[in-house]
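# Fold and contact review
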Amino acid sequence: MEERVKSVVVVGGGTAGWMAAALIAKVIGKGARVELVESDAIGIIGVGEATIPPIQTLNSVLGIDEATFLRETKATVKLAIRFENWGQQGESYYHTFGAAGRNMAFCSFHHFWTRARQRGHETSYWDYDLNYLCCEAGQFAPTTGNDPIWDMPYAYHFDSALYGQFLRRLSEQMGVRRTEGMIGEVRRCATTGDVTSVVLQDGREIAGDLFIDCSGQRGLLIQQALRTGYEDWDHWLPCDRAMAVPSEPFATTAPYTRSIAHGAGWQWRIPLQHRNGNGLVYSSRHYSDDQAAQLLLGNLDSKALDEPRVIPFRTGRARQQWNRNVVAVGLSSGFLEPLESTSIYLIQSAIVRLLHLFPHGPDVAALRAEYNRQSAREYELIRDFIILHYHANRRDDSAFWRDLREMAVPDRLAQKIELFRASGALVQDQLDIFMEASWVQVLMGQGILLQDYHPLANGPSDAELRQQLSQLRQVKAQPLSQLPAHDAWLAAKMGAH
Ligand code: FAD
């Protein structure tokens, strides 16, 4: 690779390709030429509709106005994921983007709540979480700027194809050049092994210094050309297929994603303005495609708008997400099932990391090694969080769930669960997108409760603690009296523009 990157070639125009092109063009500006190649004949994967709050940072860096974004991508607000039948059939809990209680120095709220619970105080942990209260009430309006106790972090559900087109327009306005055509050959330098150009089937050649492989599951550059290799995680996460189908929207739009566990997999329901996105993630060793279709279509609660589409996948990651002068972003870099809606975030994080560690100077190898170290860790932390949902189950209705409960999980996760169970303590890894509030909700939601709480929670007397909790509950619920219904907020926001 040359010491200075003058041209960046993005291969692929799905969500990953256009996010990469837009962000790189925005941040690097005229510092490098950005060119994107995509094939209309191949198209995009066309799923990926639920996000997590960092999408707001991306939109804000790109200067995207929220009302325009909501209208153009048919987006709705997402405050949480509601997990149904995961711990046990018939049970449900929310993983919200908020946090229960209030921040207290040295001792988190779940310790106080556990103490109260052990003394017979019968409130749900989620009663102290405004995101949860809004999910249940179907209400929403941004609350930031008031007291931090009312912070209500949110993300979006959106139509990913529309989001891609939106980012394409933005990228082209910033000078990104788009070439349509099917890449038939990847050329490499005989001495360094770096990729030098991609050649389209009609003979056009696009050369570059740095290549971002956003070619999706094909991994055109990272796997097919560079043979980087893939680390499989199917021994921990046995689902290997998804089936997706849109259905008619409901009269009222929920501000959360639903994740409904079934006998050998789970179903998502993502409410958009113009339709519901639905899908089933399942293990092909347990369900045939016909069985999956029957299960999915039988649980839509509204009319299907298309035939179900099967999408096979392989859970794991590319052994090096940056190899030579190719950085894999999006599905070419690896796959984690969409249980916690993390793939689009991983795209954003990969591009931001690349911009921090952008190749320059004589020692690109050191930058590349650091990039790969951070990417691997970030993927593994999300993987562990997803495994937790499957592993910490009490279901007895199928071998699928029993096997997952009994399997050996990665050491880091096993230690995390044990530490939490024994003491309520959680250690935050800097590269973990999921903070303590998220882990606590999923651990407790899946039925892992603390055996003991932190001694600092013994500060107030029993009566004081009860009073503090009941006040906190009232304060948390206070904004509800003024917040509009989610649909009303969407209509007003888009109409006001
Ligand atoms: P693609 O969309 O597949 O794009 C690949 C691009 O490469 C296309 O433009 C194609 O034309 C181009 N290309 C390939 N080969 C060639 C060639 N030879 N020549 C020219 N161009 C080529 N993520 C979330 O964050 N939330 C979710 O809720 C979510 N749900 C998902 C559900 C399922 C079932 C799956 C499978 C994924 C889900 N994801 C989700 C992940 C999300 O869909 C992807 O991360 C996202 O769409 C990015 O895909 P991509 O751009 O990497 O690949």
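Residues numbered from 1 in each chain as written. Predicted model: local features only at pLDDT ≥ 70, side-chain atom pairs only at ≥ 80, totals over all residues.

Going by the annotation in an unreviewed UniProt entry, the name recorded for the chain is Tryptophan 7-halogenase, with Novosphingobium umbonatum given as the source organism.

## A look at the overall build of the chain
Just so we agree on the cut-off: Under the DSSP-based scheme used, a helix requires at least four consecutive residues in state H or I and a strand at least two consecutive residues in state E, with every element numbered from the N terminus. Radius of gyration here uses only the C-alpha atoms, and the compact-globule reference equals 2.2 Å multiplied by the residue count raised to the power 0.38. Partly exposed residues are those falling between the two cut-offs: more than 12 but fewer than 20 other C-beta atoms within 10 Å of their own, whereas 20 or more means buried and 12 or fewer means exposed, with C-beta atoms placed from the backbone. By definition, residues are in contact whenever their C-beta atoms, placed on the basis of the backbone, come within 7 Å of each other.
Regarding its fold elements, the chain presents 15 helices and 21 strands. For the chain, the C-alpha radius of gyration of 23 Å lies close to 23 Å, the compact-globule estimate for 497 residues. Dimensions of the chain, computed from C-alpha atoms along their principal axes, come out at roughly 75 × 50 × 50 Å. Buried positions account for 46% of the 497 residues belonging to the chain. Counting contacts in the chain only where the partners sit at least 6 residues apart, residues at least 24 apart contribute 76% of the total.

## Things to note about the environment of Asp 209
Positionally, Asp 209 belongs in the loop between β10 (205-207) and β11 (210-213). When the 20 C-beta atoms within 10 Å are taken as the criterion, Asp 209 is described as buried. Separated by 34 residues in sequence, Asp 209 and Met 243 place their C-alpha atoms 38 Å apart.

## Some remarks on helix α11 (residues 399-406)
Basically, it comes down to this: When we speak of the arc, we mean the arc of directions from the helix axis to the C-beta atoms.
Buried residues of α11: Phe 400, Trp 401 and Leu 404, and no others. Taken end-on, α11 shows its buried residues confined to a sector of 90°, consistent with a single buried face. Of the residues in α11, the exposed ones pointing more than 90 degrees away from the buried face are Ala 399, Asp 403 and Glu 406.

## Regarding the sheet that holds strand β20 (residues 326-328)
For the record, the criterion: Strands are labelled as partners when DSSP assigns at least two bridges between them.
An order of β7-β2-β1-β11-β20-β19 is seen for the six strands of this open sheet, with the pairing classed as mixed. Lying at the two open borders of the sheet, with one neighbouring strand each, are β7 (177-180) and β19 (322-323).

## Some points on the site of the ligand
The line we're drawing: The criterion for a residue being near a molecule or strand is simple: its C-beta atom, placed using the backbone, must lie within 6 Å of it. Gly is put with the polar residues, along with every residue not named as nonpolar or charged; the nonpolar set is Ala, Val, Leu, Ile, Met, Phe, Trp, Tyr, Cys and Pro, and the charged set is Asp, Glu, Lys and Arg.
Near the ligand, the surroundings consist of 37 residues, among which Gly 12, Gly 14, Gly 48, Gly 216 and Gly 330 are the closest. When contributions to the shell around the ligand are tallied by element, the ones reaching two or more residues are α1 (15-28), β2 (33-38), β13 (241-247) and α9 (343-356). The element contributing the most residues to the shell around the ligand is α1, with three residues. Residue classes in the shell around the ligand are distributed as 18 nonpolar, 16 polar and three charged.

## Concerning the UniProt feature "active site" (unreviewed entry) in the chain
As a reminder of what qualifies: UniProt positions are given in the numbering used here, feature names are shortened, and annotations may be inferred rather than shown by experiment.
UniProt annotation of "active site" (unreviewed entry) refers to Lys 78 when read in the numbering used here. Structurally, Lys 78 can be placed in strand β3 (residues 76-78). In this view, Lys 78 contacts Ala 50, Thr 51, Tyr 154, Ala 155, Tyr 156, His 157, Pro 255, Tyr 256 and Thr 257; residues no more than four positions away in its chain are not counted.

## Topic: the packing of α1 against α9
Pairs of packed helices are described in terms of their axes, by the angle between the two and the distance that separates them. Note the threshold: An axis is simply a line fitted to the C-alpha atoms; with a helix, the fit covers only the stretch in contact. Between two such axes, the angle follows the N-to-C directions and lies from 0 to 180 degrees. In this scheme, a crossing is called left-handed if the near helix is turned counterclockwise away from the far one by less than a right angle; it is called right-handed if the turn is clockwise.
Where α1 contacts α9, the axes come no closer than 10 Å and their chain directions differ by 35°. Viewed along their axes, α1 and α9 form a crossing whose handedness is right-handed. On the side of α1, the interface is formed by Thr 15, Ala 16, Met 19, Ala 20, Leu 23, Ile 24 and Val 27, while α9 contributes Ile 344, Ile 347, Gln 348, Ile 351 and Leu 355.

## Let's talk about the sheet that holds β10
Across the sheet, which stays open at both edges, the three strands sit in the order β8-β9-β10 with antiparallel pairing between neighbours. In the strand order of this sheet, the two ends are held by β8 (183-188) and β10, each with one partner. When strand polarity is set aside, the average angle formed by the axes of neighbouring strands in this sheet is 20°. Bridge count between strand β9 (residues 195-200) and β10: three bridges; the pairing is antiparallel.

## Quick word on the pairing of β8
Relative to β9, β8 runs antiparallel, the two being bridged by five bridges. In the sheet register, Ile 183 faces β9, and the bridge partner there is Leu 200. The antiparallel pairing of β8 with β9 creates a hairpin that spans six residues between the two strands, and Gly 193 there sits at a positive phi of about 85°.

## Comments concerning unusual backbone geometry
Non-glycine residue Lys 74 carries a positive phi angle of around 55°. Structurally, the position occupied by Lys 74 is in the loop between α3 (66-73) and β3. By the C-beta count within 10 Å, which is 17 here, Lys 74 ends up partly exposed. Unusually for a residue other than glycine, Arg 324 sits at a positive phi of about 50°.

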